[in-house]
Amino acid sequence: MKTVKYIIIVFMFISILACKNEETKAVLEQVAKKELKSPVKTYAEISIAEGGKWIDGERGHKEYNGGTSFKNVNQLQVPDNHTDHTWYLRYEGPGWENNKIGYRLYLDWRNAIDIFGKTTDKMVLSQVGQDGFDSYHEPQSWGQDILKVGKGLGIGSIGRLVDNNVLHFKEVDNTHATIKNTESNSTVIIQYKGWKTGKDKIDLKSTLSIAPDQRYTKHTIQPSKAINGIVTGIVNHGVNFIKKKNEKWAYIATYGKQTLVPDNLGMAIFYKLETTTEVKKGANDYLIEFKPTTKPIVFYFLGAWEQEVDGIKTEKAFITYLNEKLAELNNNDKL
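Treat the numbers as computed from the prediction; the structure is a model and nothing was measured. (Residues numbered from 1 in each chain as written. Predicted model: local features only at pLDDT ≥ 70, side-chain atom pairs only at ≥ 80, totals over all residues. Heavy atoms only, no water.)

*Asks:* I'm lost on the packing of aromatic side chains in this one. Help?
*Replies:* Within a pair of aromatic rings, the relevant descriptors are the distance that separates the centres and the angle that separates the planes. All chains considered together, the criterion is met by 16 aromatic pairs. Between the aromatic rings of Phe116 and Trp142, the centroid separation amounts to 5.8 Å while the plane-to-plane angle is 85 degrees, which identifies the pairing as edge-to-face. Of this pair, Phe116 sits in strand β9 (residues 113-118) while Trp142 is found in the loop between β9 and β10 (143-145), placing the two residues 26 residues apart along the sequence. A relative accessible area of 6% places Trp142 in the buried class. When the ring of Phe169 is compared with that of Trp195, the centres are 4.0 Å apart and the planes differ by 5 degrees; the resulting orientation is stacked. One end of the pair, Phe169, is in the loop between β12 (165-167) and β13 (172-181); the other, Trp195, is in strand β14 (residues 186-197), and 26 residues separate them in sequence. Among the aromatic side chains, those forming a connected cluster through ring pairs are Tyr91, Phe116, Tyr136 and Trp142. (Phe/Tyr/Trp six-rings, centres within 6.5 Å; stacked < 30°, edge-to-face > 60°. Helix = DSSP H or I, 4+ residues; strand = E, 2+ residues; numbered from the N terminus. Buried < 20%, exposed > 50% of the residue type's maximum accessible area, 1.4 Å probe, protein only.)

*Asks:* So what exactly am I meant to see when it comes to empty space enclosed by the protein here?
*Replies:* The final tally for this structure, using the stated rule, is one cavity of 30 Å³ or more. Estimates place the volume of the largest cavity at around 40 Å³. Around the largest cavity, the lining residues are Leu105, Asn111, Ile113, Ser157, Ile158, Tyr192, Ser206, Leu208 and His219. Partitioning the lining of the largest cavity into residue classes produces five nonpolar, four polar and no charged. (1 Å grid on protein atoms, 1.4 Å probe; cavity = no way out; pocket = protein on both sides within 12 Å on 5 of 7 lines; lining within 4 Å. Points joined across faces, edges and corners; volume = space filled by probe spheres on them. Nonpolar A, V, L, I, M, F, W, Y, C, P; charged D, E, K, R; others polar.)

As far as function goes, none of this settles anything; it's purely spatial.
Given below as structure tokens:
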């Protein structure tokens, strides 16, 4: 009898060890899966200065003086004091990036979108502008700011055409920014309240979203009132202008030496034909005008810098790339 009990105890012990081994194996497999998980490929942020105070600046407007550090926030009601070059927002507004390219929006009256060209597939925006200055206009280990926006829209931002002049966001009651980062994409949402242009005053929601492994940003805008003249565009630097359309979608693009380096950059906007009225050349930009509506309007914009990892280095290759995306839009109605 004792022998039987001993055998039973040994069998139970072995069974327990086996179960423990299976549990341990399962835990190790979960750890391995986490280790093999893909690295972060998108990121968005907005960062405000701390430790200083608002003072009267030499340029006739308030400036944030004596800032000691920057702090990232997920939401921001833009202070009434803020305008261009107040030193309050790190690199002047929200930024978003993926493993191909980075963008930033001037969150002030200019409301233009700029491009950060990247020579790495790592996320870099958290490093940019931490010195409190605009050193990112010069070559850095990760790349640099490559687009001169000037008085234009940059790439893919919003304005309104009134009497042949593109009006930016000089008169706005208030502006609110929200940042969202998920495993699948990163998004910047801007809510403009009381945007006044000409005789009209509207609210406008702008949603900018970037996904991994692609150069483009998906831009969704929704006006609160159906007005004519709302435009997007590409700043005109006098390089080659390209356009093409199919049954549903079209694009405008530019290609050539148009960076601060200087070297080759391609820029493009894909737009749905049924949402637009015409393409025209403005004083500073190639413009796409949207039909009056209160429904969401979706378009895509992108930059392709020759120095990016596995970059597009010729105009011919750039056009081939654009035509592939145009066909994809025609077939799927989305990218």
